[in-house]
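# Structure at a glance
What follows is the residue order along each chain.
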Amino acid sequence: MTTTAANQATTTPAISLRGVSKVFETSSGPVHALQDIDLDIEPGSFVSLLGPSGCGKSTLLRVIGDLIDPSEGDVEVHGKTAAAARKARDYGMVFQQAGLMDWRTVLRNIELPLQVQGVGREERREKAREMLKLVKLDQFGQHRPRQLSGGMQQRVAIARALSFQPKVLLMDEPLGALDEMTREHMQRELLGIYQETGTTVVFVTHSVSEATFLSTEVVVMSPRPGRVAERITIDLPRYRNDETRISDAYFAAEAKVRESLHSVLDETRSKA
Ligand code: ADP
Ligand code: MG
């Protein structure tokens, strides 16, 4: 049918994983970090990878970002191999530690990836200022990273990752080191940035509430070997705020995610 063809044409995935496995050879034998992962992520979605420690979340993110090679299987990002996507600077990456350079000002930290790309001084400064505004730190461009709070430093790291307008933002527990108040604040900020930029986000967390509040879809993973246990579509409006956190729809979605995670944990315990 023509409608099917049209649908296919408009839904080329941002990220497509086929039969992805990753085995680490260690002194105590092979570790099956990922086994047979099939996953399509639509452009513009916010997908959280959720699961207990050691279930392969970081490994999956690193495979997507071409930081490590899978042992088996294929990764495509907007139809390119992961290596080609990385070369084309399709990725922005943010980790738990902001990883800023203290001998550079905040503004010059954000400029760094553009500088590496050879973008001229004026242009990269202008872009960095724009990004600083996006993360609401316009007043802090001339500060040193250590003069900022943990939450602010993480916002700088996000600004830096977005400076070259990546198609895909890969985030590994970016809010994990923050206290709860700062964390909730940052979740709202991150949603705002996501809504404004339309970037596809893959976000690693082990927080049920964080995954539910932020995501369009939660991928629940189970360990040993790391697999996709369940995919849960989060049926909340795209625009979310603090009201969302106390809505019935939110509680229903959160309960569903929690239940899924708990069945993974039960299964893991019975295997141990
Ligand atoms: P998560 O991020 O969900 O906590 P990881 O992806 O970090 O899980 O790890 C998945 C599994 O792979 C764990 O058992 C971990 O010990 C193992 N692993 C991860 N990286 C390596 C590595 N470089 N060498 C050996 N084992 C690793
Ligand atoms: Mg991890």
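Residues numbered from 1 in each chain as written. Chains lettered and ligands numbered in written order. Predicted model: local features only at pLDDT ≥ 70, side-chain atom pairs only at ≥ 80, totals over all residues. Heavy atoms only, no water.

### So, the sheet that holds strand S1 (residues 15–26)
Note the threshold: Pairs of strands are assigned from DSSP output, requiring at least two bridges between the strands. In this description a helix means any DSSP run of H or I spanning at least four residues, a strand means any run of E spanning at least two, and both kinds are numbered starting from the N terminus. Residue contacts are defined here by distance: any two heavy atoms, one from each residue, within 4.5 Å place the two residues in contact. Orientation is described by axes fitted as lines to C-alpha atoms, over the contacting stretch for helices, and by angles from 0 to 180 degrees between their N-to-C directions.
With antiparallel pairing, the four strands of this open sheet are ordered in space as S2-S1-S4-S5. Either end of the sheet is taken by a strand with one partner, and the two such strands are strand S2 (29–41) and strand S5 (80–81). In the sheet, S1 pairs with S2 via nine bridges, with the strands oriented antiparallel. Note on S2: the bridge partner recorded for Lys22 is Leu34. Seen against the sheet, helix H2 (residues 57–64) touches S1, S2 and strand S4 (72–77) and runs at an angle of roughly 120 degrees to S1.

### Comments concerning the pattern of salt bridges
To keep it simple, the criterion reads: Salt-bridge detection follows one rule: a side-chain nitrogen of Lys or Arg within 4 Å of a carboxyl oxygen of Asp or Glu. Burial here depends on accessible area, computed with a 1.4 Å probe over protein chains only, as a share of the maximum for the residue type. Under 20% is buried, over 50% is exposed, and the range in between is partly exposed.
This model, assessed by the stated rule, comprises 15 salt bridges. A salt bridge links Lys167 to Asp90; the nearest nitrogen and oxygen atoms lie 3.5 Å apart. Of this pair, Lys167 sits in the loop between helix H6 (150–162) and strand S7 (168–172) while Asp90 sits in the loop between helix H3 (82–87) and strand S6 (91–94), and the two are 77 residues apart along the sequence. Of the residues examined, Asp90 reaches a relative accessible area of 3% and is grouped as buried. Note that Arg231 and Glu217 form a salt bridge whose closest N and O atoms lie 2.5 Å from each other. Placement of Arg231 in strand S10 (residues 227–233) and of Glu217 in strand S9 (residues 217–222) is noted, with a sequence separation of 14 residues between them. By relative accessible area, Arg231 is classed as partly exposed at 36%. Classification of Glu217 by relative accessible area gives buried; the value is 14%.

### Let's talk about the domain arrangement of the protein chain
Condition: These domain boundaries are the output of an automatic or database domain assignment. Defined here as a combined quantity, buried area equals the accessible surface (1.4 Å probe) lost by two parts on assembly, summed across both. N or O atoms within 3.5 Å of each other form a polar contact, as long as, within protein, one can give a hydrogen and the other can take it, and as long as residues adjacent in sequence are counted only when both atoms are side-chain atoms.
Splitting the protein chain by domain gives domain 1 (17–90 + 166–271) and domain 2 (101–165). Computed over C-alpha atoms only, the centres of domain 1 and domain 2 are separated by 26 Å. Taken residue by residue, the interface counts 16 residues in domain 1 and 14 residues in domain 2. Surface buried jointly by domain 1 and domain 2 totals about 1,300 Å² across both partners, of which 73% is contributed by carbon and sulfur atoms. Contact with domain 2 buries area across many residues of domain 1, yet Arg89, Pro166 and Ile193 alone supply 43% of it, more than any other trio. In this structure, the connection of domain 1 to domain 2 is made through two residue pairs in polar contact (both at pLDDT 80 or more). Take the side of domain 1 that touches domain 2: its biggest share by element is eight residues, from helix H7 (residues 180–197).

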